[in-house]
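# Descriptive analysis of the structure
So the chains spell out like this:
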Amino acid sequence: MSTRTNPNIVVTGTPGTGKTTHLKDKECHEGWDDEFQSWIVDEDKLLDELEKEVADGGCILDWHACDLFPQRWIDLVVVLRTDSTTLYDRLTARNYPDAKLQENMDTEIMEVLLQEAKDSYDEEIVVELRSDETEEMDANVERIEAWVKQWKEDHKGNAPAQT
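Residues numbered from 1 in each chain as written. Predicted model: local features only at pLDDT ≥ 70, side-chain atom pairs only at ≥ 80, totals over all residues. Heavy atoms only, no water.

### Looking at the sheet that holds strand β2 (residues 9–12)
As summarised here, the arrangement of the 4 strands in space is β5-β2-β6-β7, forming an open sheet in which the pairing is parallel. Edge positions in the sheet fall to β5 (60–63) and β7 (126–130), since each of these pairs with one other strand and no more. Strand after strand, the sheet turns through a mean of 20° between neighbouring axes, direction not considered. The pairing of β2 with strand β6 (residues 76–81) spans 4 bridges and is parallel. Within the sheet, the bridge partner assigned to T12 lies in β6 and is V79. Here helix α6 (residues 134–154) sits on the sheet and contacts β2, β6 and β7; the angle it forms with β7, its principal contact strand, is near 155°. (Pairing = 2+ DSSP bridges. Helix = DSSP H or I, 4+ residues; strand = E, 2+ residues; numbered from the N terminus. Axes fitted to C-alpha atoms, helices over the stretch in contact; angles between N-to-C directions. Contact = heavy atoms within 4.5 Å.)

### Let's talk about the pattern of salt bridges
Counted according to the given criterion, the structure contains 7 salt bridges. One salt bridge connects E51 with R72, and the closest N-O pair in it is separated by 3.6 Å. Taken as a pair, E51 in helix α2 (residues 43–54) and R72 in the loop between β5 and β6 lie far apart in primary sequence, 21 residues in all. For E51, a relative accessible area of 34% gives the class partly exposed. Overall, the relative accessible area of 44% leaves R72 in the partly exposed class. Linking E108 and R81 is a salt bridge whose minimum nitrogen-to-oxygen distance equals 2.8 Å. (Salt bridge = Lys/Arg side-chain N within 4 Å of Asp/Glu carboxyl O. Buried < 20%, exposed > 50% of the residue type's maximum accessible area, 1.4 Å probe, protein only.)

### Observations regarding the packing of aromatic side chains
Tallying each qualifying case throughout the model produces 1 aromatic pair. Aromatic side chains F69 and W73 sit 6.4 Å apart centroid to centroid with 35° between the ring planes, which places their arrangement in the tilted category. Comparing F69 with W73, the two get one shared label, buried. (Phe/Tyr/Trp six-rings, centres within 6.5 Å; stacked < 30°, edge-to-face > 60°.)

The structure is reproduced here in structure tokens:
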């Protein structure tokens, strides 16, 4: 059993809100979905792979959804949100197939990922941040850095243990 000295953070949001993913690098997929032009996630394999890494803390889990990560792993959930017009422009620039484009637009408009985060984690660790402009993205990084600094100060010597 180890004690974390750094927090674990989930950064989530609809594709096109300003994050990246690492699914291919870990080979935690079951193949390719032609309709949606994306990898099919093997969630069990992904969680098994990540468990070793999150035990000591200091991980930023960058993912399109957050509800698959156990609550005991996570100290902060950042849900990136983007204006619908901006999101549409970003997704069409990526040449998303129509079905994938529509699904992601609906997800953002209906606040699916924000609600998922609030349903899966204590509401006080869920924060919603706008990610429309470069200035907002820069401010988001500064805000998260300040949060990490405060978390470390608050948890000196008493970080939660991982099991």
